[in-house]
Amino acid sequence: MVITASYPPYQVGGYEIRCKDVVDSLSKRGHEILILTSRVSEKSCETHEEELLIERKLHLKSKSRNILSQIYKDANDLKFIDRKVKEYKPDIIYLWGIQPLSNAILPYFSRQNIQIVYDEGGGGLLYLTKIHNRGLYFYKNEKDSFIKNTLKEFIYLLVSLVTANLIVPHWTWPQSMRIYFNCNSALKYSQEGGVPVENARVIYSGIDVQKFPFQLREGVGSPVHILLPGRIKPIKGTKDSLDLVKELLKRGIKVKLRIVGKIQSEEYFTEIKTMIKKDGLDDVIEYLPMVPQLQLAEFYRNSDICFFPSYFQTGFSRISLEAMASGCALITYGNEGSKEIIHDHETGFVISEGNFVEAADVIVNLITDAEKYKKIVMSARRQIEQEHEFDRYIDSIEEYLVESLQADKVYAQKAHH
């Protein structure tokens, strides 16, 4: 049983797409999977006849108006999950990106004798650890009066009684939960944040190379076509691409920049548009919202450079893999796991954060050395084929799930004795 938020086609970004890719592949290998995911605004989504074993019933926390509304929705969600667990009798509860869903989901499973596997694609476990430490609905505060603390405990008791103990205000981290990360930096980041990750594993993501075919270019063209895929928000560093464009133009190099991604900060996007207009870059920079994967693959193939200026530390973005597979030279700050994948100056380039001058130097060097450019993009494609092909990735996931089931049986036997 998979529990996740925003299951495609109503995804937020690459994490949800990866979830669907993994689920589809496991289903093709004969595993039966029930997906419990969030509601969306489109009324039609709840009546999709073609969506076998997908239930779009869960609520997003962001839609709750207040704490009473949240408790009410949590209670409904847990009743639904509890009913589905009893009906479906899953071998494994497979958690993907549950941070936007009810905070009460992991506490609920802490009392269930079911093996849990958690795919950590960002900061979800850090968030859940904070919830565990602070309290489910109320912050723990030593300065609170006796009356206030008593009132909190009364509400918790009432919530537990009304929901027949489905909502568990005071809970311990599930002992049966196994975790895998998609890069070492994310594992280290969670460990430093107090997440219990003693038995965690790193399984680097993979991509379907058939969906991202390789196109060898003879060198960097004129104008230089630069692609920046990713969500539009400050931590993704979108503004840095404008500085890179201005630096290249200052050096007399023609350039075209295509920014592709969902706007997650209207204020930030407004700043970007203002900068583009102020600097007279309207004819140089194009923005497109999130596009289908096949169209994005075409954008990679038609671009000389993929610029990945993310400042986001956790998780692993498949942007690096997609660019490297497609024959598009990657320049990155090394975040979101990219420095763990790239062989610097051999299959891509890792530069210091915010250093658009260094990025421009790399591009100028590739313009003047076509053979180096071709060598880098060919080596990058070869690396993806050998280390990050999607079937190999699914083999690792499947192996981990089987290991988790075996570990659960050993744990159950020890608990029985």
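So, a few notes on the structure that sits alongside this text. Not measured: the values here are computed from a predicted model.

Let us now look at the sheet that holds strand E5 (residues 115-120). Across the sheet, which stays open at both edges, the seven strands sit in the order E3-E2-E1-E4-E5-E6-E7 with parallel pairing between neighbours. Two strands lie at the open edges of the sheet, namely strand E3 (54-58) and strand E7 (201-202), each paired on one side alone. As judged from the five bridges shared by E5 and strand E6 (residues 177-181), these two strands associate in the parallel manner. Across the sheet, the residue bridging to Ile-116 is Met-177, located in E6. Where helix H1 (residues 14-28) meets the sheet, it contacts strand E1 (2-4), strand E2 (35-38), strand E4 (92-96) and E5, and its direction lies at approximately 155° from that of E4.

Before going further, it helps to examine the sheet that holds strand E11 (residues 305-308). Reading across from one edge, E10-E9-E8-E11-E12-E13 is the order of the six strands in this open sheet, with parallel pairing throughout. Among the strands making up the open sheet, the edge pair consists of strand E10 (285-288) and strand E13 (349-350). Examined bridge by bridge, strand E8 (residues 224-229) and strand E9 (residues 255-260) share six bridges and lie parallel to one another. Bridging from a neighbouring strand, Val-224 pairs with Val-255 of E9.

Below, the discussion takes up the nonpolar core. If you look at the biggest cluster of nonpolar residues, it comprises 72 residues, and the most contacted ones within it are Ile-3, Ile-81, Ile-93, Phe-109 and Leu-125. Broken down by element, this core gets its largest block of residues, six residues, from helix H2 (residues 67-88). Apart from the residues lying within four places of it in its own chain, the contact partners of Ile-93 are Met-1, Ile-3, Val-85, Phe-109, Ile-114, Gln-115, Ile-116 and Val-117. Ranked by size, the runner-up nonpolar core spans 35 residues in total, among them Val-224, Ile-232, Ala-359 and Val-377.

Attention shifts here to the side chain of Lys-374. Here Lys-374 is to be found in helix H13 (residues 370-387). Note on Lys-374: relative accessible area 15%, which makes it buried. Engagement of the side chain of Lys-374 in a polar contact is seen with the side chain of Glu-371, the distance being 3.2 Å. In contact with Lys-374, not counting residues within four places along its chain, are Leu-216, Arg-217 and Glu-218.

So, about the state of the cysteines. By the definition in use, this model includes zero disulfides. The structure places no disulfide on Cys-183, whose sulfur is separated from the nearest cysteine sulfur, that of Cys-306, by 17 Å. The structure places no disulfide on Cys-328, whose sulfur is separated from the nearest cysteine sulfur, that of Cys-306, by 5.1 Å. Exposure remark for Cys-328: the relative accessible area of 2% places this residue in the buried category.

Time to look at unusual backbone geometry. Here the residue pair Pro-8 and Pro-9 is connected by a cis peptide bond, since its omega of 15° sits within 30 degrees of zero. Inspection of the secondary structure puts Pro-9 in the loop between E1 and H1. Along the chain, Ser-222 connects to Pro-223 via a cis peptide bond; the corresponding omega equals 5°. Its identity is not glycine, yet Glu-336 carries a phi of approximately 55°, on the positive side. Taking the relative accessible area as the measure of exposure, Glu-336 reaches 5% and is therefore buried.

On to helix H7 (residues 238-250), then. Residues of H7 that are buried include every one of Thr-238, Asp-240, Ser-241, Leu-242, Leu-244, Val-245, Glu-247 and Leu-248, and no others. On its buried face, H7 sits against E8, E9, helix H8 (266-278), E10, E11 and helix H12 (356-368). A positive phi of about 80° marks Gly-252, the residue just after H7.

A few words now on the pairing of E4. In terms of burial, E4 is a largely internal element, five of the five residues being buried. Side chains Ile-92, Tyr-94 and Trp-96 of E4 all project onto a buried face; the interleaved residues Ile-93 and Leu-95 project onto the opposite face, where all are buried too. Where E1 and E4 come together, three bridges link them in parallel fashion. Residue pairing in the sheet places Val-2 in a bridge with Tyr-94 of E4. Here five bridges tie E4 to E5, and the two strands are oriented parallel to one another.

So, about a nonpolar patch on the surface. Taken together, Leu-151, Phe-154, Leu-158 and Val-162 make up a surface patch of nonpolar side chains, about 420 Å² in accessible area. Note that Val-162 resides in helix H5 (residues 146-162).

Rules used in this analysis
- Residues numbered from 1 in each chain as written.
- Predicted model: local features only at pLDDT ≥ 70, side-chain atom pairs only at ≥ 80, totals over all residues.
- Heavy atoms only, no water.
- Pairing = 2+ DSSP bridges.
- Helix = DSSP H or I, 4+ residues; strand = E, 2+ residues; numbered from the N terminus.
- Contact = heavy atoms within 4.5 Å.
- Axes fitted to C-alpha atoms, helices over the stretch in contact; angles between N-to-C directions.
- Core = buried A, V, L, I, M, F, W, Y, C linked by side-chain atoms within 4.5 Å.
- Buried < 20%, exposed > 50% of the residue type's maximum accessible area, 1.4 Å probe, protein only.
- Polar contact = N/O pair within 3.5 Å; in protein donor to acceptor, adjacent residues only side chain to side chain.
- Disulfide = S-S within 2.5 Å.
- Patch = residues over 30% accessible without salt bridge, like charges linked within 9 Å, V, L, I, M, F, W, Y side chains within 5 Å.
- Areas by Shrake-Rupley, 256 points an atom, 1.4 Å probe, with all protein chains shown as cover.
- Salt bridge = Lys/Arg side-chain N within 4 Å of Asp/Glu carboxyl O.

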